[in-house]
Amino acid sequence: MTTRAADDVEELLASSVAILERLIAFPTVSADSNLPLIEFVRGYLAENGVTSELFPDAAGMKASLWATIGDASSAGIVLSGHTDVVPVAGQSWTRPPFALTDEGERLYGRGTADMKGFLACVLAMVPVLAAHRLPLPVHLAFSYDEEIGCLGVRPMLEEIAKREPKPLGVVIGEPTSGRPVTAHKGKLAMRCDVVGRACHSAHTPDGVNAVEKAARLIVAIEDLAHDFAERGPRDDRFDPPFSTAQTGVVAGGISVNVVPSRCSFSFEARSTDERELDRFLEAVSVKAARDVLPAMRAGAPEADVRFELLTRYPGLRSAEDDAVVALAIAASGESQTGVISFGSEGGLFAAAGIPAVVCGPGSMDQGHKPDEYVTREELRRCLRFLQGIATRLAEGWPAA
Ligand SMILES: [Zn+2]
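None of the values given here were measured: they were computed from a predicted structure.

As a further point, take the overall build of the chain. When you go through the chain residue by residue, the secondary structure sums to ten helices and 18 strands. A globule of 400 residues ought to have a C-alpha radius of gyration of about 21 Å, and the chain, at 24 Å, matches this closely. If one aligns the C-alpha atoms of the chain with their principal axes, the spans along those axes are about 80 × 40 × 35 Å. Going through the 400 residues of the chain one by one, you find that 53% of them count as buried. The contacts in the chain between residues at least 6 apart in sequence include a share of 80% that link residues at least 24 apart. In the structure as shown, the chain presents an accessible area of about 16,800 Å², 52% of it carried by carbon and sulfur atoms.

For the structure on display, the rule yields six aromatic pairs. Centre to centre, the rings of Phe265 and Phe267 are 5.7 Å apart; their planes meet at 35°, and the pair counts as tilted. The pair Phe265 / Phe267 is uniform in exposure class, with both members buried. Taken together, the aromatic side chains of Phe228, Phe265, Phe267, Phe280 and Phe307 make up a single cluster linked through ring pairs.

Let us look at the environment of Gly338. Residue position: Gly338 is located in strand β16 (residues 338–339). Here the alpha-carbon distance between Gly338 and Tyr144, two residues 194 residues apart in the chain, equals 26 Å. Leaving out residues up to four positions away in the same chain, Gly338 has contacts with Arg179, Pro180, Val181, Thr182 and Ala183.

Under the domain assignment used here, the chain contains domain 1 (4–184 + 315–394) and domain 2 (186–313). Placing the centre of domain 1 and that of domain 2 at their C-alpha centroids yields a distance of 36 Å. Counting residues at the interface gives 16 residues for domain 1, matched by twelve residues for domain 2. Buried surface at the junction of domain 1 and domain 2, summed over both partners, amounts to about 1,000 Å²; 48% is from carbon and sulfur atoms. If you look at where domain 1 meets domain 2, you find one salt bridge. Among the ionic pairs, Arg317 bridges to Asp235, the shortest N-O distance being 3.8 Å. At the surface where domain 1 touches domain 2, the tally comes to four residue pairs in polar contact (both at pLDDT 80 or more).

Turning our eyes to something else, we now look at the coordination of the zinc ion. Surrounding the zinc ion are the protein donor atoms His82 (NE2), Asp114 (OD), Glu174 (OE) and Glu174 (OE), at 1.9 to 2.6 Å. The coordination sphere of the zinc ion comprises four donor atoms, whose angles at the metal cover 54 to 143°; the geometry is irregular. Sequence spacing among the residues donating to the zinc ion works out to H-x31-D-x59-E. Placement of the pair is His82 in strand β3 (residues 77–82) and Glu174 in the loop between β7 (169–172) and β8 (181–184), with a sequence separation of 92 residues. Here Glu174 falls in the buried class, since its relative accessible area comes to 2%.

In this model, Gly232 is joined to Pro233 through a cis peptide bond whose omega is 5°. With respect to the helices and strands, Pro233 occurs in the loop between α6 (210–231) and β11 (244–252). A cis amide bond links Trp397 with the next residue in sequence, Pro398, at an omega value of 0°. With respect to the helices and strands, the residue Pro398 is situated in the segment after α10 (376–394). Even without glycine at this site, His368 takes up a positive phi of about 70°.

Thresholds applied
- Residues numbered from 1 in each chain as written.
- Predicted model: local features only at pLDDT ≥ 70, side-chain atom pairs only at ≥ 80, totals over all residues.
- Heavy atoms only, no water.
- Helix = DSSP H or I, 4+ residues; strand = E, 2+ residues; numbered from the N terminus.
- Rg over C-alpha atoms; globule rule 2.2 N^0.38 Å.
- Buried < 20%, exposed > 50% of the residue type's maximum accessible area, 1.4 Å probe, protein only.
- Contact = heavy atoms within 4.5 Å.
- Areas by Shrake-Rupley, 256 points an atom, 1.4 Å probe, with all protein chains shown as cover.
- Phe/Tyr/Trp six-rings, centres within 6.5 Å; stacked < 30°, edge-to-face > 60°.
- Domains from an automatic or database assignment.
- Buried area = accessible area lost by both parts, 1.4 Å probe.
- Salt bridge = Lys/Arg side-chain N within 4 Å of Asp/Glu carboxyl O.
- Polar contact = N/O pair within 3.5 Å; in protein donor to acceptor, adjacent residues only side chain to side chain.
- Donors = N, O, S within 2.8 Å, 3.2 Å for Na, K, Ca; no water.
- Tetrahedral: all angles 85-135°; square planar, octahedral: opposite > 155°, others 65-115°.

Okay, structure coming up:
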């Protein structure tokens, strides 16, 4: 890549910031539609001669976008990111979350780090990539509903994985401060509905208290989390180095003088080892079936404990010598790879036979928080990284 446009990082940075301003202005909280953002991206790509394919959700409210720059008959590389952001409700922002606040080095707004900064850099590179007839294509994969369990990427991935030739690898631009990441934990999230029997609280023995039974299960989950911490397995590259579990949401009861008939709670577990997640789930189910439910049914035959899977995605464990990992190391200028504690769509790509590496601008120290920001230097670094990838694709990576 020797053209002026490709080398001029400051020009690309200006373009990235202008695009980021547009992206941040779409309040694409996971619960809401991302279609206005997707239409903006589709229009921008069309202006650059790139056609897009959309993968809408069942309700037609959201869509993932897939686009190919270059020769689709060769196997290339995917640049992937999610378009949704976490909510801002209840957070104390001192700047508007859905408008870019440019304070020089820092650029504030919901999603600047996680992960519209990466999307903006990728989009700023599109004219450069399109101008060079790359022998290997670059695909863009922009998803929805990542923040609620990597849901939106799945239908797109199912279709892409069937096509030939399959991409040689994917770069997921989650915020890693520009460092290539080859591993993260897998995650399981469940909802539990406890059904008891209501009655006046003056006659508690006549009812079955769903809140109290749910509490037994919640404490059991906490005990299992302690077991994870004490007994392992451990992988000291991660923070924390052991599997984790917790209950994040609980709701039940209508009044202090009514024995509650309903209680629901949601819990999760994260591990580097899929079998740990299976064992965890088994232990919670056994606790419910053996210790909790029989006592409930003795008082009320209609009593029940029901579990529902909210989401599950696999961990990532890419081989250090995989071609896409080597590409990310070379293009990033880093000498080694790292790991992240949060999840990504990388595990799903890898499970679909497309090796993944996570590498993007910004830090999760800022992601999901009020006054989220990314720095200009981080974006500059990401643009150099993408230029490095383009250079190697132009040279015929990975054959070169
Ligand atoms: Zn993210």
